[in-house]
Amino acid sequence: GQLDSLNYRAIVEALRSYGRKYEILPLGEVPNLDPATNARPLEAVYLPQEGSIDARAVLDRVVELGGRRKVTFVDDRVVGWRQEGGRAIEVVLGSGETVSGGRFLVAAGASTRVVVDDLKDAAAPLVPVFAGIGVAVTCRATASGLQHVVRSPNRSGGCGLHLVPGDGTVYLGATNDVRLQPDTWSSLGMAHFLLGGAMEQFDRRLFGSPVVTWHVGNRPLSLDGYPVVGRLWQDNVWGLS
């Protein structure tokens, strides 16, 4: 569609304006790409300086470094708050236990509104924060011969399809289904859309690849499109999301 072309051109223009290295591949001749004939790329651009990194590995590293610095991680969820003298003094966890503090920073992404919903007499109304639920899958790279990250331009307000080869695996992502509340599941329709698009547009050989892991994530989406940063409640509850 036209939106794909406009976003593709924006990528190329950004590469030019920032002086990055790139190579135009006429007729979309990406090595080892094996799309369906009616879903092949019309053009492609290769970025030799671009790398990739597993976001889950980054999060694991953050937890590791936090532990070294005496950060305490509690595997639970916030279900309420206790307030006293115009200040928040504790968060109540699902287990019934509480965590006290002098200052609280809520950096919960799409769950920010859920976490602070129990606070009374907020300093200012919190802008609505929705959840863009995305599904992705990791499978065995038994058939695919792609060696580099391949992705399509942004589409329909969400990210384009992308394929990330790993150590004997292929990561396929992702979708974006906007909901009022975050969740830990996606739908059959979104999974079908993802897998159908990946096999048709990237590599038909993925049809025979065994599934290793399904992934579901929630992207925060504020109503006005801006980050949620600042004071959320009185003078000791702040947001960063």
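Residues numbered from 1 in each chain as written. Predicted model: local features only at pLDDT ≥ 70, side-chain atom pairs only at ≥ 80, totals over all residues. Heavy atoms only, no water.

A.B. asks: Can you help me understand the sheet that holds strand β14 (residues 237-240) in this one?
C.D. replies: Two modes of strand pairing occur in sheets, parallel and antiparallel, and in both the strands are linked by backbone hydrogen bonds. Within the open sheet, the three strands sit side by side as β6-β14-β13. Their pairing is mixed. One side of each edge strand has no neighbouring strand; the edge strands of this open sheet are β6 (104-106) and β13 (229-233). On average, each strand axis in the sheet is inclined to that of its neighbour by 30°, with strand direction left out of account. Relative to β14, β6 is paired through three bridges, and the arrangement is parallel. The partner of Phe104 across the bridge, within β14, is Val237. (Pairing = 2+ DSSP bridges. Helix = DSSP H or I, 4+ residues; strand = E, 2+ residues; numbered from the N terminus. Axes fitted to C-alpha atoms, helices over the stretch in contact; angles between N-to-C directions.)

A.B. asks: Would you mind showing me how to read the pattern of salt bridges here?
C.D. replies: One side chain can pair with another of opposite charge once the charged atoms of both are near each other. Per the stated rule, a full pass over the model turns up 11 salt bridges. Salt-bridge contacts for Asp34 lead to Arg205; the nearest nitrogen and oxygen are separated by 3.8 Å. Of this pair, Asp34 sits in the loop between β1 (23-26) and β2 (43-46) while Arg205 sits in the loop between α4 (188-201) and β12 (211-222), and the two are 171 residues apart along the sequence. Arg205 gets classed as partly exposed once you look at its relative accessible area, which sits at 30%. The residue Arg179 makes a salt bridge to Asp177 at a minimum N-O spacing of 2.8 Å. Arg179 gets classed as partly exposed once you look at its relative accessible area, which sits at 22%. Judged by its relative accessible area of 22%, Asp177 is partly exposed. (Salt bridge = Lys/Arg side-chain N within 4 Å of Asp/Glu carboxyl O. Buried < 20%, exposed > 50% of the residue type's maximum accessible area, 1.4 Å probe, protein only.)

A.B. asks: I would appreciate a short explanation of the environment of Ser17 in the present structure.
C.D. replies: Tracing the backbone through its elements, the reader meets Ser17 in helix α1 (residues 2-17). Along the backbone, Ser17 and Ser222 are 205 residues apart, and their C-alpha atoms lie at a distance of 29 Å.

A.B. asks: Could you clarify how one ought to interpret the sheet that holds strand β4 (residues 87-93) in this entry?
C.D. replies: Pairing is antiparallel in the open sheet, where three strands are placed in the order β3-β4-β5. Strand pairing shows two members of the sheet lacking a second neighbour, β3 (78-84) and β5 (98-100), which therefore form its edges. Within this sheet the neighbouring strands show an average axis-to-axis angle of 30°, counted without direction. As paired elements, β4 and β5 share three bridges and run antiparallel to each other. Note that in β5 the partner of Glu90 across the bridge is Ser100.

A.B. asks: Any chance you could explain the layout of surface pockets here in plain terms?
C.D. replies: Take a probe with the size of a water molecule and roll it over the atoms, and the empty space left behind shows itself. In this model, the largest pocket occupies a volume close to 1,100 Å³. Every residue lining the largest pocket is counted, 37 residues in all, and those nearest its centre are Pro41, Glu43, Ala44, Val45 and Arg151. Every element with two or more residues in the lining of the largest pocket is listed here: α1, β2, β8 (150-151) and β9 (162-165). In terms of residue count, the dominant contributor to the lining of the largest pocket is α1 (five residues). Its residues placed into classes, the lining of the largest pocket shows 21 nonpolar, nine polar and seven charged. (1 Å grid on protein atoms, 1.4 Å probe; cavity = no way out; pocket = protein on both sides within 12 Å on 5 of 7 lines; lining within 4 Å. Points joined across faces, edges and corners; volume = space filled by probe spheres on them. Nonpolar A, V, L, I, M, F, W, Y, C, P; charged D, E, K, R; others polar.)

A.B. asks: Could you clarify how one ought to interpret a nonpolar patch on the surface in this entry?
C.D. replies: Where nonpolar side chains cluster on the molecular surface, the patch consists of Leu105, Val229, Trp238 and Leu240 and spans about 420 Å² of accessible area. Along the polypeptide, Leu240 turns up in strand β14. (Patch = residues over 30% accessible without salt bridge, like charges linked within 9 Å, V, L, I, M, F, W, Y side chains within 5 Å. Areas by Shrake-Rupley, 256 points an atom, 1.4 Å probe, with all protein chains shown as cover.)

A.B. asks: Explain the nonpolar core to me, please; I cannot follow it from the model alone.
C.D. replies: Note that soluble globular proteins tend to have their nonpolar side chains buried in a common cluster. Counting 15 residues, the largest nonpolar core has Trp81, Ala88, Val106, Val116, Leu119, Leu232 and Val237 as the members making the most contacts within it. Among the secondary structure elements, those contributing two or more residues to this core are β4, β6, α3 (112-116) and β13. Element by element, the count of residues in this core is highest for β4, at three residues. With residues up to four places along the chain from it excluded, the contact list for Val116 reads Trp81, Val106, Leu126 and Leu232. Among the nonpolar cores identified, the runner-up in size contains 14 residues, and Leu146, Val170, Leu172 and Leu206 belong to it. (Core = buried A, V, L, I, M, F, W, Y, C linked by side-chain atoms within 4.5 Å. Contact = heavy atoms within 4.5 Å.)

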